[in-house]
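# Residue-level structural notes
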Amino acid sequence: MLANEILKSFIPTVKPAEAKAFYRDILGLKLLSEDDYALEFDANGTLFRVIIVPELKPHAFTALGWNVHNIEAVIRALNNKGVFCEKYDFMTQDKLGIWTSPGGSKVAWFKDPDGNVLSLTE
């Protein structure tokens, strides 16, 4: 039923000004619109809405993620902009915060200004 429809993604914020700067200026997403309810971005053809909520308790799991061609280069670029990957005690990660899955995928996690967990996968 929805297989041929366009997917839209959502993430909450209680800090719309910081979220706008993070997603636009740090991650490089194109801001399409903003109002009192949401910020709307173009995420490489996917409509991405950062919805403004009155309160937020971020989840400990990944809310949004990107497949990337060179995870180390992306992480270094994020580091240069003051964004660093999370380090978890329950898994082995390298110095950049990259975990290599049993299947060989490389994964790293970082947070937005609200504490939402975002991921990169190569």
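About the criteria used
- Residues numbered from 1 in each chain as written.
- Predicted model: local features only at pLDDT ≥ 70, side-chain atom pairs only at ≥ 80, totals over all residues.
- Heavy atoms only, no water.
- Buried < 20%, exposed > 50% of the residue type's maximum accessible area, 1.4 Å probe, protein only.
- Helix = DSSP H or I, 4+ residues; strand = E, 2+ residues; numbered from the N terminus.
- Arc of directions from axis to C-beta.
- Contact = heavy atoms within 4.5 Å.
- Core = buried A, V, L, I, M, F, W, Y, C linked by side-chain atoms within 4.5 Å.
- Salt bridge = Lys/Arg side-chain N within 4 Å of Asp/Glu carboxyl O.
- Pairing = 2+ DSSP bridges.
- Axes fitted to C-alpha atoms, helices over the stretch in contact; angles between N-to-C directions.

## Description of helix α1 (residues 16-26)
- Residues of α1 that are buried include every one of Ala-19, Phe-22 and Tyr-23, and no others. Down the axis of α1, the sector holding all buried residues measures 80°, keeping them to one side.
- Packed against the buried residues of α1 are β1 (8-13), β3 (38-43), β4 (46-52), β7 (106-111) and β8 (117-121).

## Brief notes about unusual backbone geometry
- Backbone geometry places Asn-44, a non-glycine residue, at a positive phi of 55°.
- On the basis of relative accessibility, which here comes to 78%, the residue Asn-44 falls in the exposed class.

## Describing the nonpolar core
- Judged by nonpolar contacts, the single largest core of 23 residues is most densely connected at Tyr-23, Phe-48, Val-50 and Ile-75.
- Beyond its immediate stretch of four places on either side in the chain, Phe-48 contacts Ser-9, Phe-10, Ile-11, Tyr-23, Leu-29, Leu-39, Glu-40, Phe-41, Ala-43 and Leu-64.

## Considering the pattern of salt bridges
- Using the criterion set out here, one finds 6 salt bridges in the structure.
- Ionic pairing is found between Glu-34 and Lys-20, a salt bridge with its closest N-O pair at 2.6 Å. Of this pair, Glu-34 sits in strand β2 (residues 30-34) while Lys-20 sits in helix α1, and the two are 14 residues apart along the sequence.
- The partly exposed category is assigned to Glu-34, whose relative accessible area is 44%.

## As for the sheet that holds β7
- With mixed pairing, 4 strands are arranged side by side in an open sheet as β5-β8-β7-β6. Each edge of the sheet is formed by a strand with only one pairing partner; in this case those strands are β5 (62-67) and β6 (99-100).
- Where β5 lies against β8, 5 bridges are found, and the strand directions are parallel. Bridge assignment links Trp-66 to a residue of β8, and that residue is Leu-120.
- Lying over the sheet, helix α2 (residues 71-80) contacts β7 and β8, oriented at roughly 20° with respect to β7.

## Some points on the pairing of β1
- Side chains of β1 alternate between two faces, with Ser-9, Ile-11 and Thr-13 buried and Lys-8, Phe-10 and Pro-12 left unburied.
- Relative to β4, β1 is paired through 6 bridges, and the arrangement is parallel. Its bridge partner being in β4, Ser-9 is matched across the sheet by Phe-48.

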